[in-house]
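The chain contents come next:
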Amino acid sequence: MTDQTTRPSGPFRLGDRVQLTGPKARLHTITLREGGELHTHHGVLKHEQLVGQPDGSVVANSGGHEYLALRPLLRDFVMSMPRGAAIVYPKDAAQILAEADIFPGATVVEAGVGSGALSLWLLRAIGPEGRLVSFERRDDFAAVAKANVETFTGAAPGNWDVVVGDLATELPQAVAEASVDRVVLDMLAPWECIDVVADALTPGGVVVCYVATATQLSRVAEYIRGTGLFTEPDANETMVRGWHVEGLAVRPDHRMVAHTGFLVWARRLAPGAVPPEVKRRASKSSYGDEDVELWTPGAVGDRQITDKNLRKRVREAERAAEGARLAAGRTEDDGRTA
């Protein structure tokens, strides 16, 4: 067993997460447990029916209804895992990996960790030689994130550090100056951390901010521009529209994943470097105190989750992580026996 993820292949084992597609394409995601059962109005499916079966098997429950069993892909897992905070959607995670140029062996800082969705994508991209340092202000969110990552990987990654605290104050203690390759900020007011991020980034390093509203996008872009420490910020959003393809019936889906957030990114300049002046047409680019008031976190709106609901998510995530640890332990025993 290594510190990194176990290979998600081979016969199903106790502790594995399995995605079942049943009648009418309804999905059920379960963790295989000894004596476990999936109860639906179509009948009962015993977990032991899946143990030892290969990925892509079809099994029938007590009512004769068939289920396709597959290990969930990472995109499936992050969309169904317990959540403390809202997740970064796979479409945005893919853009972050591309725009930030996350590479194997990179040192990456992430804030906030939320439910751990983006952490999983970053860990996969940096590989075992990289390092990920994730910051989260709330210890309950951090608990959900750590349990979710352990559930998917089968063990706590040895190259991942989760720091509970404010990035603006904790980052200088966690990393050396000019030692970080990439920084990803998924928070309400990322402009509050840009100065400390600039100190941590190596020259040429990339900072990417993921924000929900146009007012947040405007303020963080202006702040980055105003520091004089970065290249001109770029921004975009990603929308994904699925298509129905069946014979000659080819048309866009009626529903789509449209706006989820904006990305704005820039690169750290070398110390003392002054970039060439960017010539722009005259525009209404100035702003005053009234505009800044609209950019405050309270005006932007902070998404909240009740304490009761969050405690439930923590329990769900920790139960799933316990199952993953069980599966990992059985894999180690099998390897020693072999």
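Being a predicted model, the structure only gives us computed values, none of them experimental. (Residues numbered from 1 in each chain as written. Predicted model: local features only at pLDDT ≥ 70, side-chain atom pairs only at ≥ 80, totals over all residues. Heavy atoms only, no water.)

1. Examining the pairing of strand β3 (residues 37-40)
Note that β3 and strand β4 (residues 43-46) share four bridges and pair antiparallel. Counted as the bridge partner of E37 is K46 from β4. Hairpin connection of β3 to β4: two residues between the antiparallel strands. (Pairing = 2+ DSSP bridges. Helix = DSSP H or I, 4+ residues; strand = E, 2+ residues; numbered from the N terminus.)

2. What about the packing of helix α3 (residues 117-126) against helix α4 (residues 139-153)?
In contact at an axis separation of 9 Å, α3 and α4 are set at 50° when each is read in the N-to-C sense. Classified by the angle their axes make, α3 and α4 are oblique. Note that α3 runs across α4; the crossing there is right-handed. Touching S119, L120, L123 and R124 of α3 are V149, F152 and T153, all from α4. For the contact of α3 with α4, the per-class residue count stands at four nonpolar, two polar and one charged. (Axes fitted to C-alpha atoms, helices over the stretch in contact; angles between N-to-C directions. Parallel < 35°, antiparallel > 145°, perpendicular 65-115°, else oblique. Left-handed = near helix turned anticlockwise from the far one by under 90°. Contact = heavy atoms within 4.5 Å. Nonpolar A, V, L, I, M, F, W, Y, C, P; charged D, E, K, R; others polar.)

3. Points about the packing of aromatic side chains
Summed over all chains, the structure comprises one aromatic pair. Between F77 and F152, the aromatic rings sit 5.1 Å apart at their centres with planes inclined by 45°, giving tilted as the arrangement. Taken together, the residues F77 in helix α1 (residues 74-80) and F152 in helix α4 connect sequence positions 75 residues apart. Residue F152 is classed as partly exposed on the basis of its relative accessible area of 23%. Directly above the aromatic system of F141 lies the positively charged group of R138, at a separation of 4.3 Å from the ring centroid. (Phe/Tyr/Trp six-rings, centres within 6.5 Å; stacked < 30°, edge-to-face > 60°. Buried < 20%, exposed > 50% of the residue type's maximum accessible area, 1.4 Å probe, protein only. Lys NZ or Arg CZ within 6 Å of the ring centre and 35° of its normal.)

4. Quick notes on the side chain of N148
Here N148 lies in helix α4. Given the relative accessible area of 0%, N148 is considered buried. Polar side-chain contacts of N148 include one of 2.8 Å to the backbone oxygen of P82. Residues contacting N148, with those up to four places away along its chain left out, are F77, M81, P82, S115 and A317. (Polar contact = N/O pair within 3.5 Å; in protein donor to acceptor, adjacent residues only side chain to side chain.)

5. Comments concerning the pairing of strand β10 (residues 180-185)
Across the six residues that make up β10, a large majority, six, are buried. The pairing of strand β7 (residues 107-111) with β10 spans four bridges and is classified as parallel. Opposite E110, over in β10, you have V184 as the bridge partner. Sheet topology note: the β10/strand β11 (residues 201-211) ladder contains five bridges and is parallel. Each bridged residue has a counterpart across the sheet, and for V183 the counterpart in β11 is V207. On the question of chirality, the crossover connecting β10 to the parallel β11 by way of helix α6 (residues 194-200) is right-handed. (Right-handed = clockwise from strand over helix to strand, strands pointing away.)

6. Points about the sheet that holds strand β8 (residues 131-136)
If you walk across this open sheet you meet the seven strands as β9-β8-β7-β10-β11-β15-β12, and the pairing is mixed. Lying at the two open borders of the sheet, with one neighbouring strand each, are β9 (160-164) and β12 (234-237). Going from strand to strand, the sheet's axes swing by 15° on average, the running direction of each strand aside.

7. Observations regarding the environment of R138
Examined against the element boundaries, R138 turns out to sit in the loop between β8 and α4. Judged by relative accessible area, R138 falls into the partly exposed class, the value being 27%. A C-alpha to C-alpha distance of 9.1 Å links R138 and G112, two positions 26 residues apart in sequence. With residues near it in sequence (within four places) discarded, R138 still touches V164, D307 and L310.

8. Structural notes on the confidence of the model for the protein chain
On average, residues of the protein chain score 88 in pLDDT, and 87% of them are at 70 or above. Residue range residues 1-5 is modelled with pLDDT below 50. Its contacts to residues more than four positions away, or to other chains, number 14 contacts. (pLDDT = per-residue confidence, 0-100.)

9. Re the sheet that holds strand β5 (residues 57-60)
Read from one edge of the open sheet, four strands run β2-β1-β6-β5, paired in antiparallel fashion. Single-partner strands in this sheet number two, and they are β2 (27-31) and β5. Put simply, the sheet's adjacent strands are angled 30° from each other on average, direction ignored.

10. As for a nonpolar patch on the surface
Together, V58, L68 and L70 give the surface a local cluster of nonpolar side chains, amounting to about 220 Å² of exposed area. Its location among the elements puts V58 in strand β5. (Patch = residues over 30% accessible without salt bridge, like charges linked within 9 Å, V, L, I, M, F, W, Y side chains within 5 Å. Areas by Shrake-Rupley, 256 points an atom, 1.4 Å probe, with all protein chains shown as cover. Salt bridge = Lys/Arg side-chain N within 4 Å of Asp/Glu carboxyl O.)

11. With respect to the state of the cysteines
Cysteine pairs can be covalently joined through their sulfur atoms, and such a bond is termed a disulfide. Tallying each qualifying case throughout the model produces zero disulfides. Cysteine C193 shares no disulfide, and the gap to the nearest cysteine sulfur, in C209, comes to 9.0 Å. For C193, a relative accessible area of 1% translates into the label buried. (Disulfide = S-S within 2.5 Å.)

12. Some details on a positive patch on the surface
A contiguous patch of positive charge on the surface is contributed by R33, K308, R311, K312, R315 and R319. On the secondary structure map, R319 appears in helix α10 (residues 307-337). Judged by relative accessible area, which is 48%, R319 ranks as partly exposed. (Lys, Arg positive; Asp, Glu negative; His and termini not counted. Charge placed at Lys NZ, Arg CZ, Asp CG, Glu CD.)

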